[in-house]
Amino acid sequence: MTPSVELFELRHGRGTTRHWAGWGAFDEAAAALAPELAGRALFAVSTPRVLGLHGGVLERLAAGAASLHRLEVPEGEAAKSLEVASGLWRRLSALGGKRDSRLLAFGGGSVGDLGGFVAGAFLRGIGVLQLPTTLLAQVDASIGGKTAIDLPEAKNVVGLFHQPLAVVAETAWLTTLPASELRSGLVEAIKTGMALDPELFERIERDLPRLVGGDPGALAPVVAAAARAKAGVVERDPEEAGEREILNLGHTLGHALESASGYGRLLHGDAVAHGLRFALRLAANRGLDPGFGARCLQLLDRLAVPPLPPLAVDDLLERLARDKKARERGLGWVLPLAPGRVRRGVVVAGEEIVREVARFLEGATAR
Ligand SMILES: NC(=O)c1ccc[n+]([C@@H]2O[C@H](COP(=O)([O-])OP(=O)(O)OC[C@H]3O[C@@H](n4cnc5c(N)ncnc54)[C@H](O)[C@@H]3O)[C@@H](O)[C@H]2O)c1
């Protein structure tokens with residue numbers, strides 16, 4: 001395949017993030033970044049699976065570096081713990097990590113969240129490069145500087161904003177992803193298309209069979225467009241004081257579904273797909289263009305997201321209520337209106353949520 005790479009910049013309060021996305025992104029980025037990494041100690045945080053599949057490329061990025069240390073962390077959400085973070089800080093110290101060292105977060109969204117957090121706090125902040133290897137991380141998690149680890153009580157509760165120096169989304173890495181992870185990542189790209197980018201939405205509608213099949217030629221432009229659209233929002237609202245909230249489309253119920261089903265049982269994107277359906281339902285009598293609503297539902301149907309495991313209505317409502325208490329201003333829903341247009345901060349009466357959640361679960365649960 002011939003290279004097809006997009007390069008754009010995201011400007012923020014601390015400088016600029018350079019973002020390469022597409023087939024061949026790594027080679028282009030490595031050529032540009034190697035001189036800046038020369039003479040520095042590099043710490044690559046990754047999982048055994050990602051290192052085994054794609055770890056060979058790191059040498060090219062580190063060609064002129066003083067050293068390259070590979071630090072393995074557990075697969076998946078298990079990486080995002082205080083114990084793993086503290087183990088990494090201790091290793092960075094023992095291996096002579098300094099203010100000008102660089103951390104490379106090489107993996108899915110879990111590694112990106114952990115690596116960003118560890119880099120953001122070590123010596124009050126060292127530079128991080130995000131090298132996302134899942135579709136979800138390429139279209140969403142690696143962009144915007146949100147980092148976090150989990151506590152046993154809840155997910156993502158300890159974290160900080162730490163914008164990466166660079167993001168390198170090499171779509172060749174996606175060829176080894178299982179189909180379920182591709183589907184999960186596609187949901188976030190669909191969300192971005194619904195909320196921000198009608199052309200991206202149309203492209204996904206048109207190319208869906210190739211995208212779910214992992215066709216690199218179809219994935220590269222979707223990754224680039226979704227990343228660029230999210231970067232635009234982050235640039236205008238880096239720390240989620242307002243507009244950035246629109247990226248939470250589908251996530252209000254999605255997060256509650258993820259935690260109610262027990263983390264790890266439901267893929268993040270699958271939970272968001274159910275959350276998008278729920279948002280479409282709430283939006284139906286709140287200004288949603290019916291033609292667009294039908295297109296969204298059809299696209300989600302074609303993705304064939306598995307049904308939900310059996311969940312108790314009361315438990316789900318309790319989790320939504322906890323989310324509400326977590327925000328001073330109450331729970332504001334993000335609802336779709338038309339291609340690329342959403343309304344945020346929509347307050348929906350408690351009785352309607354109770355009624356709609358019950359009906360929704362009936363239709364979305366495995367029998
Ligand atoms: N910071 C943000 O803005 C943000 C946004 C969305 C999600 N997230 C976080 O992202 C995490 C989910 O990320 P994810 O969906 O990427 O899952 P993940 O990071 O847990 O990765 C899933 C599995 O895929 C493996 N894997 C990674 N790349 C692979 C490849 N190229 N080929 C084969 N296997 C590969 C991983 O090793 C892991 O075992 C959650 O913790 C979520 O909270 C963060």
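It should be emphasised that the depicted structure is a prediction, and the values quoted were computed from it without experimental measurement.

1. Some remarks on the sheet that holds strand β3 (residues 41-46)
Consideration 1: On the basis of which strands lie adjacent, the open sheet formed by seven strands has the order β1-β2-β9-β6-β5-β3-β4 and mixed pairing. Each having just a single partner strand, β1 (4-12) and β4 (67-72) make up the two edges of the open sheet. Taking the axes of each pair of neighbouring strands and ignoring which way they run, one obtains an average angle of 15° across the sheet.
Consideration 2: In this structure, strand β6 (residues 127-132) lies alongside strand β9 (residues 166-170), joined through two bridges in parallel fashion. When the bridges of β9 are listed, Q130 appears paired with V167.

2. Details of the domain arrangement of the protein
Much of the literature gives interface size as the accessible area that the parts lose upon coming together.
Consideration 1: In terms of domain boundaries, the protein breaks down into domain 1 (4-192) and domain 2 (249-364).
Consideration 2: The C-alpha centroid of domain 2 is placed 29 Å from the C-alpha centroid of domain 1.
Consideration 3: Here domain 1 meets domain 2 over a buried area of about 1200 Å², counting both sides, of which 71% is carbon and sulfur.
Consideration 4: Salt-bridge contacts for E258 lead to K155; the nearest nitrogen and oxygen are separated by 3.4 Å.
Consideration 5: Along the contact surface separating domain 1 from domain 2 lie five residue pairs in polar contact (both at pLDDT 80 or more).
Consideration 6: With nine residues, the single largest contributor to the side of domain 1 that touches domain 2 is helix α7 (residues 179-196).
Consideration 7: The residue makeup of the side of domain 1 that touches domain 2, split by class, is four nonpolar, two polar and five charged.

3. Focus on the packing of aromatic side chains
Consideration 1: A complete count under the given rule lists six aromatic pairs for this structure.
Consideration 2: Relative to W333, the ring of F278 lies with its centre 5.6 Å away and its plane at 55°, an arrangement referred to as tilted. Of this pair, F278 sits in helix α11 (residues 268-283) while W333 sits in strand β10 (residues 333-338); the two residues are 55 residues apart in sequence, bridging distant segments of the chain. Each member of the pair, F278 as well as W333, is classed as buried.
Consideration 3: These aromatic residues form a ring-pair network of at least three members: F26, F106 and W173.

4. Thoughts on the site of the ligand
Consideration 1: In the region of the ligand, 26 residues are neighbours, and E75, E77, T133, T134 and T176 sit closest.
Consideration 2: Within the contact set of the ligand, a nitrogen atom lies 2.7 Å away from a side-chain nitrogen or oxygen of T176.
Consideration 3: Within the complex, the protein chains bury 90% of what would otherwise be the 870 Å² of accessible surface of the ligand.
Consideration 4: Elements with a minimum of two residues in the shell around the ligand: α2 (48-54), α5 (109-121), α6 (135-141) and β8 (154-161).
Consideration 5: Among the elements that make up the shell around the ligand, the one with the highest residue count is α2 (four residues).
Consideration 6: Looking at the shell around the ligand residue by residue, the class counts come to six nonpolar, 10 polar and 10 charged.

5. Some remarks on unusual backbone geometry
Consideration 1: If you check the backbone angles, R124 has positive phi at about 65° while not being a glycine.
Consideration 2: Looking at the element boundaries, R124 is found in the loop between α5 and β6.
Consideration 3: Judged by relative accessible area, R124 falls into the exposed class, the value being 78%.
Consideration 4: Although it is not a glycine, E240 sits at a positive phi angle of roughly 55°.
Consideration 5: With respect to the helices and strands, E240 occurs in the loop between α9 (216-236) and α10 (251-260).
Consideration 6: Look at E240 and you get partly exposed, because its relative accessible area is 24%.

6. Details of the side chain of R183
Consideration 1: Tracing the backbone through its elements, the reader meets R183 in helix α7.
Consideration 2: The class for R183 is buried, based on a relative accessible area of 16%.
Consideration 3: Setting aside chain neighbours within four positions, we find R183 in contact with L267, D270, L303, A304, V305 and P306.

Criteria and cut-off values
In this numbering scheme, every chain counts its residues from 1 along its sequence in written order. Side-chain atom pairs in this predicted model are given and counted only at pLDDT of 80 or more, local residue features only at pLDDT of at least 70, and totals for whole chains, interfaces and linings cover all residues. Only hydrogens and water are removed before side-chain values are computed, so all heavy atoms of the structure are retained for them. A pair of strands counts as paired when DSSP detects no fewer than two bridges linking them. Strands here are runs of E lasting at least two residues and helices are runs of H or I lasting at least four, both read from the DSSP assignment and numbered beginning at the N terminus. In this analysis, axes come from line fits to C-alpha atoms, helices being fitted only over the stretch in contact, and the angle between any two N-to-C directions falls in the range 0 to 180 degrees. Boundary definitions for the domains trace back to an automatic or database domain assignment. As a working definition, buried area equals the accessible area (1.4 Å probe) given up by two parts on being put together, with both sides summed. Salt bridge, as used here, is a side-chain nitrogen of Lys or Arg placed within 4 Å of a carboxyl oxygen of Asp or Glu. In protein, a polar contact means a hydrogen-donor-capable atom and an acceptor-capable atom, both N or O and within 3.5 Å, with residues adjacent in sequence counting only if both atoms are side-chain atoms; elsewhere, any N or O pair within 3.5 Å suffices. Residues are sorted three ways: Asp, Glu, Lys and Arg are charged, Ala, Val, Leu, Ile, Met, Phe, Trp, Tyr, Cys and Pro are nonpolar, and all the rest, Gly among them, are polar. The criterion for an aromatic pair is that two Phe, Tyr or Trp rings (for Trp, the six-membered ring) have centres within 6.5 Å, with stacked assigned to planes under 30 degrees apart, edge-to-face to planes over 60 apart and tilted to the rest. Categorising residues by exposure relies on relative accessible area from a 1.4 Å probe, with only protein chains included: less than 20% of the type maximum marks a residue as buried, more than 50% marks it as exposed, and the intermediate range marks it as partly exposed. What makes a residue near a molecule or strand is one non-hydrogen atom of that residue sitting within 4 Å of it. In these tables, accessible area is a Shrake-Rupley quantity obtained with a 1.4 Å probe, and a residue counts as shielded only by the protein chains included in the view. Whether two residues touch is decided by their heavy atoms; if any such pair falls within 4.5 Å, the residues are in contact.

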